[in-house]
Every structure is written in C-alpha cells, then in structure tokens.
Amino acid sequence: MNVTEFHQNIEQVWLKIEEQLEEQDCDVDCDTQGSVFTITFSDRSQVVVNKQEPLLELWLASKAGGFHFAFKEGQWIANDGKLFWQCLEEACRVHGEQVHFA
C-alpha cells in the first residue's frame, strides 16, 4: 500500500465508523482534526483513532487500551492478531455504547 492508498483507506474507515454510529443511534459526537478521528461519548470520555503515516499504521486508544494496526490481507490487524473492528466494538462497549461494525 502506498501513502495515497493508505489515506484513502483510512478515510473509508472513518466514514464507516461515523455512519455506523449514526445508524445505530449511538449518543456520541465524532470529530476529525488532521490525522486524528475522535469519538466523544455522553460522559465526555473518548476513543481516538489516528493515522500514523510514517508507519502506514492505524492506531486506536481508549479506556480499553491502545492498539497499533497494520493493513494485512485486506484488514487492519494488530501484531497480536486482533482485528481493528473488533477492538473498536470493545472500546465502544467500555465507553457505554453497544455498536457493531459488520
């Protein structure tokens, strides 16, 4: 994946997150500032998803922990084999929202 493809892929990830949160009536606000996408929950806690362009990685940080994902075999996968979408669902659960990113 080159840098242009990386940015296009991440933009699609962010769009899917926002669409799914809205479709599933989650009480959250989404905001994008440069390379950082933030989900703010009703209690003001946050999940942060950001691009790491130099590494071509996607990072996720929340109360549930921090994860680094590389794009392999058509998916964002952490070194321990965890999938981005599963980790994001768990992060949202920890922050009080049940959401599925199928």
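Residues numbered from 1 in each chain as written. Predicted model: local features only at pLDDT ≥ 70, side-chain atom pairs only at ≥ 80, totals over all residues. Heavy atoms only, no water.

Before going further, it helps to spend a moment on the sheet that holds strand β5 (residues 65-72). The pairing of strands in a sheet comes from backbone hydrogen bonds and takes either a parallel or an antiparallel form. On the basis of which strands lie adjacent, the open sheet formed by six strands has the order β1-β2-β3-β4-β5-β6 and antiparallel pairing. Strand pairing shows two members of the sheet lacking a second neighbour, β1 (28-33) and β6 (75-78), which therefore form its edges. Each strand of the sheet is rotated relative to its neighbour by a mean of 20°, with strand direction disregarded. Strand direction decides the pairing type here: strand β4 (residues 57-62) and β5, joined by six bridges, are antiparallel. Note on β5: the bridge partner recorded for alanine 61 is glycine 66. Against the sheet, helix α1 (residues 3-23) makes contact with β1, β2 (36-41), β3 (46-52), β4, β5 and β6, and its axis sits at roughly 165° relative to β3, the strand it touches most. Strand contacts of helix α2 (residues 84-94): β2, β3, β4, β5 and β6, with the helix running at about 15° to β4, the strand carrying the most contacts. (Pairing = 2+ DSSP bridges. Helix = DSSP H or I, 4+ residues; strand = E, 2+ residues; numbered from the N terminus. Axes fitted to C-alpha atoms, helices over the stretch in contact; angles between N-to-C directions. Contact = heavy atoms within 4.5 Å.)

Both faces of the sheet carry side chains from a regular strand, because those side chains alternate between them. Of all six residues making up β2, five are buried, and the element is well covered by its neighbours. Pairing between β1 and β2: six bridges, direction antiparallel. Paired with threonine 32 across the two strands is phenylalanine 37, which belongs to β2. In sequence, β1 turns back onto β2 through a hairpin of two residues, with glycine 34 there showing a positive phi of about 60°. Here five bridges tie β2 to β3, and the two strands are oriented antiparallel to one another. Bridge pairing links valine 36 to asparagine 50 in β3. (Buried < 20%, exposed > 50% of the residue type's maximum accessible area, 1.4 Å probe, protein only.)

Moving on, we come to the nonpolar core. With 26 residues, the main nonpolar core has Ile17, Ile39, Val49, Leu60, Phe69, Phe84 and Leu88 as its most contacted residues. Every element with two or more residues in this core is listed here: α1, β2, β3, β4, β5, β6 and α2. At six residues, α1 tops the list of elements feeding residues into this core. Contacts of leucine 60, omitting those with residues within four sequence positions, involve Val47, Val48, Val49, Gly65, Gly66, Phe67, Phe69, Phe84, Cys87 and Leu88. (Core = buried A, V, L, I, M, F, W, Y, C linked by side-chain atoms within 4.5 Å.)

All quantities given are derived from atomic positions and should not be read as evidence of function.
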